[in-house]
Each structure stands twice: as structure tokens, then as C-alpha cells.
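# Summary of structural features
So you can see what is in the structure, the chains are spelled out below.
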Amino acid sequence: MPIAHSLSRWMKFHLFQCPCLKHVLLGKSGSYTLMAETVSPEFALDESDERTVLRLTGDWTVQHVQDVDDALRALTVSSPLAVDVSDLGRLDTAGAFVIDRTLRAAGSDEEGEPEIIGDHPSASRLIAQIHAVSTPAPESPAQDGSIRALLDRTGRTFMHIAAESISTLAFLGETLATCARMLLQPWKLRWTSIVAVMEESGLDALPIITFLSFFVGMVIAFIGATTLKSFDLEIYTVELIGYSELREFGVVLTGIVLAGRTNSSFTAQIGTMKMRQEIDAMQTLGLKPMEVLVVPRVLAMLVMTPVLSFAATLAGIAGGVMVAWLALDINPGVFIVRLRDSVPIDQFWVGMSKAPVFGLVCVLIACRQGLNVGGSVQSLGRATTTSVVQALFSIIAIDALFAIFYMELGI
């Protein structure tokens, strides 16, 4: 006890000698808590012909930095300003911001980093960080409108499109090889995932696809009735609806809806897994992303896209039947009989042959863009947008190629 009492008296006597420290006796235990006394911030200017030095003292923290804010704003300095932090106390980001603002007002930031004089444990680092954050981004140079710049941008865009096409074809080859290997080993297929994707991307998309196709069929019928009425050929509206729905609109509308709905969903799902490093963990466990994520979606879309196209075709014809019945007085029975007699069945198979291709294109682009997502939310949004745009463009372009191909075949 005498030793502890003597030590306590020694600490109390010597620590109270420091003018910047205050000690508070807590409770009856005789222990002391050390609390730093805040010193108000102050500054002084040392002016010379070469430069002006701003000498800082006290604690430049958020609690008291407003005490010198007005005085700093009123400073007028004619020579480059440097900061002396030798006698500076505590400093936080609020104080560093005020110091950096003063340096900027004096024009001392034109040549890069502010000049710091003296040693301080954190002043140089904090002021440099605030200076870097406060520095405005450089303005982008004006776009060159010359022919050379136009050719340069055109060439870069062409090379980007070529690189994307080559990467997509390489991913297509890898996907087809993986699917073939998995089909030869059906016990390795993840049937639960396949059925879940079929329900999510197929059955859940059925209402919106049939709804849209029904109204598209009505629009086609109205256009045909309006156009053909001037020639007294309203009856040929049946052939117009039959050819357009069986051959083009049913399957193309299905592909467009899948590109906007399912394609973005696949990209977001896989991209989120990539951002959370779930795919890296999957590979660590010995699982292959192509087999776990890509193959079930490919097989599900190859099965469900023809089903959705068939439903869309029927819904479009039903819309045409309704308009023909209400606007043209064509009985539904007469409509169906004329459709069967006038429109060959091969038109139906022309449309159905496109469905698996459209489904494969959508899922390939979606999975590839999802696997290309980086670690930021911006990359996920950019990949999703790119996925939808590429899918829509590919569907329209492939449909045009199909039209040319079947025209050459005479179908």
C-alpha cells in the first residue's frame, strides 16, 4: 500500500506539471484517466520576397477550426504560400480541408502538391489526400472532327466488333462441346437446375409473350383490313395473318421478349455471383462454371423457346381471328378453314426452325456477359446493358439471314 500510494502521488504531481494535460480523479479507486486538453488553433504569417510561410499552432480539428475560418478567408497573399506544421497539434480532415482551401486561394496548388514545412505525424498525408480529392478532374479534350479522327474511331469500333464476335464464337464452341459431353453423361446433368430455369424463363414468360403476340396479331389484321379494303380483297387478310405470324412475328416477338427479360436476368444472376466471388469458390471446390451455370440454362432455353414461339404464334392468330370476326365479318370457322387451305404447313416449320437458334443466341450472350462482370456494380450494369443490346441486334440480324436463306431455297 505505501508503494502504491507513493506512485499515485508521484503521477499526480508530475502529470499536472504539463500544461496540455488534465487529469480527472474517477471514483474512490484512486485511478486517473488521461484526457488531452484542446488548444485553440492559431496561425501566423511570415512574409518574405520569395515566399510566405503560414505557421500553424494548436489543434486544427472540427470542434474549433471555425474559430480561424473567417480570418483565413480574409488573408491576402502575394507570394507562394507554404505551411509550417512544426508546432501543429492535432489535425483531422476538417482542419486539413481549411488549410488546403487557404493554399488554393493563395494559388499555391498550381505546381502540384502543396509545400509542407516541418514534421508532423499526419499533416502531410491528410493535406495531400484532401488536395487530391479537391482537385477537379481535367476537362476532356474537344473531340476532333477531322477525317482522320473519324477513320480512327471507325477502325477502333470495327476492331471491337470483330473481337466481340471472335470471343462469342469461342464461347459458343466451348458451350457446345460442354453440352455434348454432358449429354453423353446424363447422370452429370443438374436436372433440378434445368427444370427451375425452364419454369423461370419459360412458364413465367408465357403470359407476357402470348399477351403481346395477341395484340400484334390484332394490329396486323387491322393493317391488312385497312390496306386491302380499297381493293375489295379483305378476305386475303387471312393469308396476311397466317404468313406473318407463322413465319416471322411469332418467333421474332418471342426472341425479343426473351432478349429483354430472360437475357438480362441471366446476366444479372451470373454477374452477381461473379461479384460475390461465388464462382471463384465454385472453382475452388472443383466445380466448373460451364457445367453448373451455362449448360442448364442452354438446355432449358433450347427446350422452352420453341414452346413459347408456338404459343406466341397461336396467340397472334387468335388476335387476327378476333379482328377479322369483328371488323370484317369473317367467321372464325371460315378463317381457320381458309388458313389451313391457303397457308402451307412449311411456313410453320420455317418459323419453328428459328426458335432454338434465337434461344441459343440469347443464353450464350447472357452467360458470356455475366461471366465477364468485374467486381463493381458499374460493370454489372454495363454487362447487362451490353447483353440486352447484343441479343436484340443478333436476333434481328439472324432473322434477316434466315429470310435470305429460305428465299434462296424457295420456301
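Higher on the page you've got the structure.
Below or above, wherever it landed, is the structure these notes cover.

Reading guide: rules and limits
Residues numbered from 1 in each chain as written. Predicted model: local features only at pLDDT ≥ 70, side-chain atom pairs only at ≥ 80, totals over all residues. Heavy atoms only, no water. Core = buried A, V, L, I, M, F, W, Y, C linked by side-chain atoms within 4.5 Å. Buried < 20%, exposed > 50% of the residue type's maximum accessible area, 1.4 Å probe, protein only. Helix = DSSP H or I, 4+ residues; strand = E, 2+ residues; numbered from the N terminus. Contact = heavy atoms within 4.5 Å. Patch = residues over 30% accessible without salt bridge, like charges linked within 9 Å, V, L, I, M, F, W, Y side chains within 5 Å. Areas by Shrake-Rupley, 256 points an atom, 1.4 Å probe, with all protein chains shown as cover. Salt bridge = Lys/Arg side-chain N within 4 Å of Asp/Glu carboxyl O.

With that out of the way, let us pick up the nonpolar core. In this structure, Phe171, Leu293, Val294 and Val363 are the most contacted members of the largest nonpolar core, which totals 46 residues. Of all the elements in the fold, those that place two or more residues in this core are helix H5 (147–184), helix H6 (191–203), helix H8 (237–260), helix H9 (262–275), helix H10 (278–284), helix H11 (289–327), helix H13 (346–371) and helix H14 (377–409). In terms of residues, this core owes the most to one element, H13, which gives 12 residues. If we skip the residues at most four places from it in the chain, phenylalanine 171 touches Met290, Val294, Leu364, Cys367, Arg368 and Leu371. One finds Leu56, Val83, Leu103 and Ile127 within the second-largest nonpolar core, a separate group that totals 20 residues.

Now for a nonpolar patch on the surface. A cluster of nonpolar residues, Ile208, Phe211, Leu212 and Phe215, forms a patch on the protein surface that exposes about 370 Å² of accessible area. Structurally, phenylalanine 215 can be placed in helix H7 (residues 206–229). What makes phenylalanine 215 partly exposed here is its relative accessible area of 40%.

On to the pattern of salt bridges, then. This structure, assessed with the given rule, holds 12 salt bridges. We note a salt bridge from arginine 368 to glutamate 164, for which the minimum N-O separation is 3.0 Å. One end of the pair, arginine 368, is in helix H13; the other, glutamate 164, is in helix H5, and 204 residues separate them in sequence. The exposure class assigned to arginine 368 is buried, which follows from its relative accessible area of 9%. Of the charged contacts in the structure, one is a salt bridge between lysine 354 and aspartate 399, with a shortest N-O distance of 2.9 Å. Here the residue lysine 354 occupies a position in helix H13, and aspartate 399 occupies one in helix H14, the gap between them amounting to 45 residues. Under the relative-accessibility criterion, lysine 354 is labelled buried at 1%. Each of Asp69, Arg73 and Arg101 takes part in one network of salt bridges that share partners.

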